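In case you want the letters, here they are:
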Amino acid sequence: MKLDRQVTPDKEDRGVASAAEARAAIEGLTDTDYAKLMLIARGFARARIRGSVIEPEDLLQEAITKTLDGRRAWRRTVSILKHLDRVMESDAGHIAERSAARALEPVLDGAEKPASTSPDPSVRAATQDKLDDLLSLFVGDDNALEVIHLKGEGFSASEIQQQLGISNTHYDTVIKRIRRRVAKHLSEGEPRL
Amino acid sequence: MRPSKHDRTKMNRVLRDTLLEASESELQEALRGAPEDFDAQAARGRGAAHRALATAEDSADVQDLHRGLGSLIKMLRRRDCVSVDQLAKQARVAADELRRIELNAALEPNPRTIYQLEQYFKLPPRSLVMLSGAVRADSDVRAEAVRFAASSENIAELSQEERKLLNRFVKFLREHTDR
């Protein structure tokens with residue numbers, strides 16, 4: 001309960017969960033939730049660039065720590081799982097960008113340093129490509145790609161079925177295929193990148 | 001046609017969200033035969049969460065001690081009728097850091113500042129070191145620090161009650177550092 005003290009009334013007004021609520025949500029995660037989060041953390045860990053390795057456990061631990069200490073505010077309207085996913089996505093992106101920028105820095109003598117550590121757009125794009133490799137699993141699977149695209153646009157399951165002219169059963173089959181393929185891919189051995 | 005960068009990011013989020021909605025049996029099935037099965041993944045995730053929860057607990061404990069530290073410095077300063085700037089000059093520490101120690105429990109105080117303040121106020125050796133979180137403090141020290149911080153009030157001159165409170169807390173710290 002003592003963690004409550006870190007939360008200001010302003011934050012409560014914006015729908016941000018208190019530290020105690022965040023802690024309760026984390027403590028309430030099930031083994032299934034942890035397995036999913038670890039799989040996703042493994043996926044982000046594939047974004048290692050030139051010797052910089054992100055350990056999946058570290059990424060997840062950091063996301064939870066930041067949520068508990070308020071550095072990453074958890075809005076109650078978002079599920080805690082989705083929130084942790086987005087924190088890991090953001091952290092992995094920053095780590096990969098910094099790593100890529102370092103790899104591109106010229107070897108400098110003396111104290112001279114580059115003016116900015118922010119990577120140029122091409123580095124940012126290359127980094128994002130490495131983080132986005134899940135989509136490549138569905139190349140050639142037009143049904144799945146259409147469903148993924150429409151879900152991304154915010155359509156509900158019934159709207160997607162209507163748009164694509166597919167039955168509920170067909171839709172469920174596609175969703176199950178997506179889950180199976182993503183889970184299998186993320187559980188594979190050493191990262192490929 | 002290849003989706004734009006923005007669309008790819010969005011679609012990858014959809015893929016991860018779809019995984020997050022999977023049932024236990026779907027996940028068990030998908031991970032059958034994988035190098036690390038469902039139980040192994042869950043154990044690793046749970047371990048990471050336990051470590052994060054323990055870190056958060058430690059951090060909250062230290063902040064409790066810092067609240068006691070800030071209140072103690074402020075009260076000692078008021079007892080001696082010295083301003084932050086005067087104290088900074090006499091104890092040879094930075095005034096900005098002193099202000100932050102009094103106000104911000106999240107601040108990690110500089111060990112030299114803590115040593116100088118301990119010497120200046122003639123406090124029991126290592127008493128402020130303990131409140132700075134640099135050495136491990138018992139749970140009763142943390143509880144006493146929280147009580148002390150909550151009881152001290154921000155008025156110009158120490159009341160008789162506050163003086164008693166201050167003396168009692170310093171005595172408590174002496175007993176604890178003498179152990």
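First, a word on scope: everything that follows refers to the structure included in this document.

The rules we used
Residues numbered from 1 in each chain as written. Chains lettered and ligands numbered in written order. Predicted model: local features only at pLDDT ≥ 70, side-chain atom pairs only at ≥ 80, totals over all residues. Helix = DSSP H or I, 4+ residues; strand = E, 2+ residues; numbered from the N terminus. Contact = placed C-beta atoms within 7 Å. Buried ≥ 20, exposed ≤ 12 C-beta atoms within 10 Å, placed from the backbone. Expected span 1.5 Å × (residues − 1). Nonpolar A, V, L, I, M, F, W, Y, C, P; charged D, E, K, R; others polar. Core = buried A, V, L, I, M, F, W, Y, C linked by C-beta atoms within 7 Å.

Along chain A, the regular secondary structure elements total 9 helices and 0 strands. If you take every contact in chain A between residues at least 6 apart in sequence, the share linking residues at least 24 apart comes to 60%.

Check the secondary structure of chain B and you find 9 helices and 0 strands. Order of helices (α) and strands (β) in chain B, N terminus to C terminus: α-α-α-α-α-α-α-α-α. Evaluated residue by residue, chain B yields a buried proportion of 32% over its 179 residues. Sequence separation of 24 or more characterises 63% of the internal contacts of chain B that already satisfy a separation of 6 or more.

Once that is clear, we can look at helix α4 (residues 56-68) of chain A. Each α-helix turn comprises 3.6 residues. Residues three or four places apart therefore point the same way. All names here are of chain A. Given a rise of 1.5 Å per residue, 13 residues ought to cover 18 Å, and the 19 Å separating the end C-alpha atoms of α4 matches this to within 8%. The buried fraction of α4 is high, at 11 of 13 residues. Where α4 is concerned, the buried positions are Pro 56, Leu 59, Leu 60, Gln 61, Glu 62, Ala 63, Ile 64, Thr 65, Lys 66, Thr 67 and Leu 68.

Each partner contributes to the interface: chain B provides 40 residues, whereas chain A provides 42 residues. Ranked by the residues each element gives to the side of chain B that touches chain A, the list is headed by helix α3 (residues 38-79) of chain B, at 17 residues. Of the residues belonging to the side of chain B that touches chain A, the class tally is 19 nonpolar, 8 polar and 13 charged.

Attention now goes to the nonpolar core. As a rule of thumb, soluble globular proteins bury nonpolar side chains together. Ranked by internal contacts, the top residues of the largest apolar core, which has 53 residues, are Ala 41, Leu 59, Leu 60, Ile 64, Met 88 and Ala 183 of chain A. The residues touching Ala 41 of chain A, leaving out its near neighbours within four places in the chain, are Pro 56, Leu 59, Leu 60 and Met 88 of chain A. Core analysis: the second largest hydrophobic core is formed by 21 residues, Ile 114, Leu 128, Ala 145 and Leu 173 of chain B among them.

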